[in-house]
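The chain contents come next:
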Amino acid sequence: MAYTVTLIPGDGVGPELAEATQRVVEATGVKINWEIENAGADVVAEYGTPLPERVLDSIRKNKIALKGPLTTPVGRGFRSVNVALRQELDLYACLRPCKKFKGVRSRYDEVDLVVVRENSEDLYAGIEFQEGRPETRDVIGQIQRLTGKHMPADSGVSIKGISIGATRRIVRFAFEYARENGRKKVTAVHKANIMKFSDGLFLAVATEVAAEYPDIAFDERIVDNMCMQLVQKPELYDVLVLPNLYGDILSDLCAGLIGGLGVAPGANLGEGIAVFEATHGSAPKYAGRNKADPAALMFSAVMMLNYLGEREAANRMENAMATVIAEGKDVTYDLKPAADDPTAVGTSQMADAIIAHLQ
Ligand code: NAD
């Protein structure tokens, strides 16, 4: 049986990573028809939008996609296509396993954490008011009237909302994931001491949901303390569940614990629909240079194979990757002792080595 999967190669280093990943997935023997769809800045001239409806239609039809990174211009131009995709398809859960593989350079020997990030609300919902605009002055005036609190007139405003419904479903997702994957503990991360009505609600709902899962331990940490604890003793933690912004930041922190963005995979999941993508971005400085590490997108593809129920192929692919990384010979610059190591190989050659181990 062949699966049809939407493939969004992305931009920057995306296309070369996608090509390498496609080849390795095909070498597992799992048959996939890749439906290639482009998005991002490069398609704006043709479709008038960085996220054409045909891309969304393809994912809605196939219910599964593998996606390379897409560049978001800072402070101008269109909003993040990555965020829009998650919102359009209601991919409410971002799952980022952070497991340290032998051979990857890290300050830590053993890290095996899972970050579950809420994807649909919080400061990422895009409810923003630009400094100097009339509606922004209105909002600032309303805030003053309703709360008695003064906000300088030259402020830009971003609104943070956290709801009971979205919190309940993400915390349930984290507990269900813990149960299905033999995990022992879920930690809710928040700043409820300061943001009592948004993060406070997140914590209250998380505590309520935790009571439905007596077989899984539950605790909670304030986000700043969590950052320090993860740096000092990551082995104390297992599954972390976080609102959107903290989830974004701590995903990169956890990627750092396991050796960097080059090896950190991820998935964005909704009800019966999934988009698999690495944690890292488009790394523009390496674009087109056959230099970037394909491991993160490949580990995301391993998650995809597991999601499809192809567990044996997923295990074989992960083992082949783990072997190549542990040997440390045919790996990209970021997996070598020094970034300028002359023995580092390119994206494509690392894929070849993994394929050789699969065969
Ligand atoms: P980035 O992840 O692209 O790069 C951060 C650092 O990690 C850089 O030094 C980069 O060279 C390195 N790096 C990243 N991926 C690597 C890989 N596979 N192999 C080796 N080194 C790698 O983050 P950034 O520079 O903040 O963002 C660049 C662009 O990507 C921005 O436009 C941003 O909005 C976008 N972005 C997209 C996504 C996504 O598509 N989901 C995620 C994050 C950032």
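Our subject is the structure that appears above.
Description of the structure in this document. Everything quoted here is computed from the prediction, not taken from an experiment. (Residues numbered from 1 in each chain as written. Predicted model: local features only at pLDDT ≥ 70, side-chain atom pairs only at ≥ 80, totals over all residues. Heavy atoms only, no water.)

Some words on the packing of helix α6 (residues 164-180) against helix α7 (residues 199-210)
Where we set the bar: All axes here are fitted lines through C-alpha atoms, helices being fitted over the stretch that makes contact, and every angle between N-to-C directions spans 0 to 180 degrees. Secondary structure elements follow DSSP: runs of H or I no shorter than four residues count as helices, runs of E no shorter than two count as strands, and numbering proceeds from the N terminus. Any angle from 65 to 115 degrees is called roughly perpendicular, while one under 35 is roughly parallel, one over 145 is roughly antiparallel, and all others are oblique. Left-handed describes a crossing whose near helix is turned anticlockwise from the far helix through less than a right angle; right-handed describes the clockwise counterpart. Only heavy atoms enter the contact rule, under which two residues are in contact if any of them lie within 4.5 Å. Amino acids outside the nonpolar list (Ala, Val, Leu, Ile, Met, Phe, Trp, Tyr, Cys, Pro) and the charged list (Asp, Glu, Lys, Arg) are all regarded as polar, and Gly is one of them.
Between α6 and α7, the least distance of the axes is 9 Å, while the angle of their chain directions is 45°. Classified by the angle between their axes, α6 and α7 sit oblique to one another. Note that α6 runs across α7; the crossing there is right-handed. When α6 is examined against α7, the residues Ile-164, Thr-167, Arg-168, Ile-170, Val-171, Arg-172 and Phe-175 are found in contact with a partner set consisting of Leu-201, Phe-202, Val-205, Ala-206, Glu-208, Val-209 and Ala-210. For the contact of α6 with α7, the per-class residue count stands at 10 nonpolar, 1 polar and 3 charged.

Notes on the site of the ligand
This is how it is decided: We call a residue near a molecule or strand when any one of its heavy atoms sits within 4 Å of it. Contacts described as polar in this section are N or O atom pairs within 3.5 Å, which, within protein, must combine one atom able to donate a hydrogen with one able to accept it, while residues neighboring in sequence count only if both atoms come from side chains.
Near the ligand, the surroundings consist of 20 residues, among which Leu-70, Thr-72, Gly-281, Ala-283 and Asp-293 are the closest. Contacts to the ligand include Glu-277, whose side-chain N or O atom sits 3.0 Å from a nitrogen atom. Contacts to the ligand include Asp-293, whose backbone N or O atom sits 2.9 Å from a nitrogen atom. Broken down by class, the residue content of the shell around the ligand amounts to 8 nonpolar, 7 polar and 5 charged.

Comments concerning the sheet that holds strand β1 (residues 2-8)
Put simply, the test is: Strand pairing requires that DSSP identify at least two bridges connecting the strands.
Strand order across the open sheet formed by 10 strands is β2-β1-β3-β12-β11-β4-β5-β10-β8-β9, with mixed pairing between neighbours. Edge positions in the open sheet fall to β2 (31-36) and β9 (217-222), since each of these has one partner strand only. Between one strand and the next, the sheet's axes are offset by a mean angle of 25°, whatever the strand orientation. In this sheet, strand β3 (residues 64-67) lies alongside β1 in parallel orientation, the contact comprising 3 bridges. Looking at the pairing, Ile-8 lines up with Lys-67 of β3. Contacts from helix α10 (residues 295-307) reach β1, β2, β3, β4 (93-99), β11 (267-270) and β12 (273-277), with the element oriented near 155° to β12.

Things to note about empty space enclosed by the protein
For clarity, the threshold we go by: A pocket, in this scheme, is an open set of points on a 1 Å grid over the protein atoms alone with protein on both sides within 12 Å along at least 5 of 7 lines, while a cavity is a set where a 1.4 Å probe fits but cannot get out; residues line either one if an atom lies within 4 Å of a point. Grid points are joined across faces, edges and corners, and a volume is the space filled by probe spheres set on the points.
Tallied over the full model, the rule gives 1 cavity of 30 Å³ or more. Contributing to the lining of the largest cavity are Lys-67, Asn-82, Leu-85, Arg-86, Leu-91, Asn-268, Val-275 and Glu-277. Mapped onto the lining of the largest cavity, the elements with two or more residues apiece are α4 (81-88) and β12. Of the residues that constitute the lining of the largest cavity, the class distribution is 3 nonpolar, 2 polar and 3 charged.

Observations regarding unusual backbone geometry
If a residue is not glycine, its phi is most likely negative; likewise, a peptide bond is most likely trans. To be explicit about the condition: Any residue under 20% of the maximum accessible area for its type is buried, any over 50% is exposed, and the rest in between are partly exposed; the area is computed with a 1.4 Å probe on protein chains only.
For Asp-122, which is not glycine, the phi torsion reads 70° and is therefore positive. With respect to the helices and strands, Asp-122 occurs in the loop between β5 (112-118) and β6 (128-129). With a relative accessible area of 1%, Asp-122 lands in the buried category. In this model, Asn-290 sits at a positive phi of 55°, which is unusual for a non-glycine residue.

Let's talk about the side chain of Thr-6
With respect to the helices and strands, the residue Thr-6 is situated in strand β1. Within the structure, Thr-6 has its side chain in polar contact with the side chain of Ser-58 (distance 2.7 Å). Within the local environment of Thr-6, its side chain forms a polar contact with the side chain of Asn-62, the two groups lying 2.9 Å apart.

Overview of the pairing of β5
Counting buried positions along β5 gives 6 out of 7 residues, so the element sits mostly inside the fold. Bridging between β4 and β5 involves 7 bridges; their strand directions are antiparallel. Across the sheet, the residue bridging to Leu-95 is Val-116, located in β5. Examined bridge by bridge, β5 and strand β10 (residues 239-242) share 4 bridges and lie parallel to one another. Directly across from Arg-117, in β10, lies its bridge partner Leu-242.

As for the nonpolar core
Our working rule: Within this scheme, the nonpolar core is defined by two criteria: the residues are buried Ala, Val, Leu, Ile, Met, Phe, Trp, Tyr or Cys, and they are joined through side-chain atoms within 4.5 Å.
Counting 91 residues, the largest nonpolar core has Leu-66, Val-116, Leu-230, Val-241 and Met-317 as the members making the most contacts within it. Leaving out residues up to four positions away in the same chain, Met-317 has contacts with Val-24, Val-25, Thr-28, Met-298, Ala-301, Val-302, Leu-305 and Leu-358.

A word on α4
Taken residue by residue, α4 has Val-81, Asn-82, Val-83, Leu-85 and Arg-86 as its buried positions. Phi turns positive one or two residues past the end of α4, at Asp-90, with a value near 50°.

Points about the pairing of β2
What counts here: When the strands point away from the viewer, a crossover counts as right-handed if the path from the first strand over the helix to the second runs clockwise.
Relative to β2, β1 runs parallel, the two sharing 6 bridges. Considered in β2, the bridge of Leu-7 is made with Ile-36. Handedness of the β-α-β unit built from β1, helix α1 (residues 14-27) and β2 comes out right-handed.

Considering the packing of aromatic side chains
Put simply, the rule is: Here a pair means two rings of Phe, Tyr or Trp (six-membered ring of Trp) with centres within 6.5 Å. Their orientation is stacked below 30 degrees between planes, edge-to-face above 60, and tilted elsewhere.
The full count for this structure, using the stated rule, is 6 aromatic pairs. Seen in terms of ring centroids, Phe-175 and Tyr-213 are 4.8 Å apart; in terms of plane orientation they differ by 15°. Their pairing is stacked. Here Phe-175 is found in helix α6, whereas its partner Tyr-213 is found in the loop between α7 and β9, with 38 residues between them in sequence. With relative accessibility at 0%, the residue Phe-175 sits in the buried group. You can call Tyr-213 buried: its relative accessible area is 4%.

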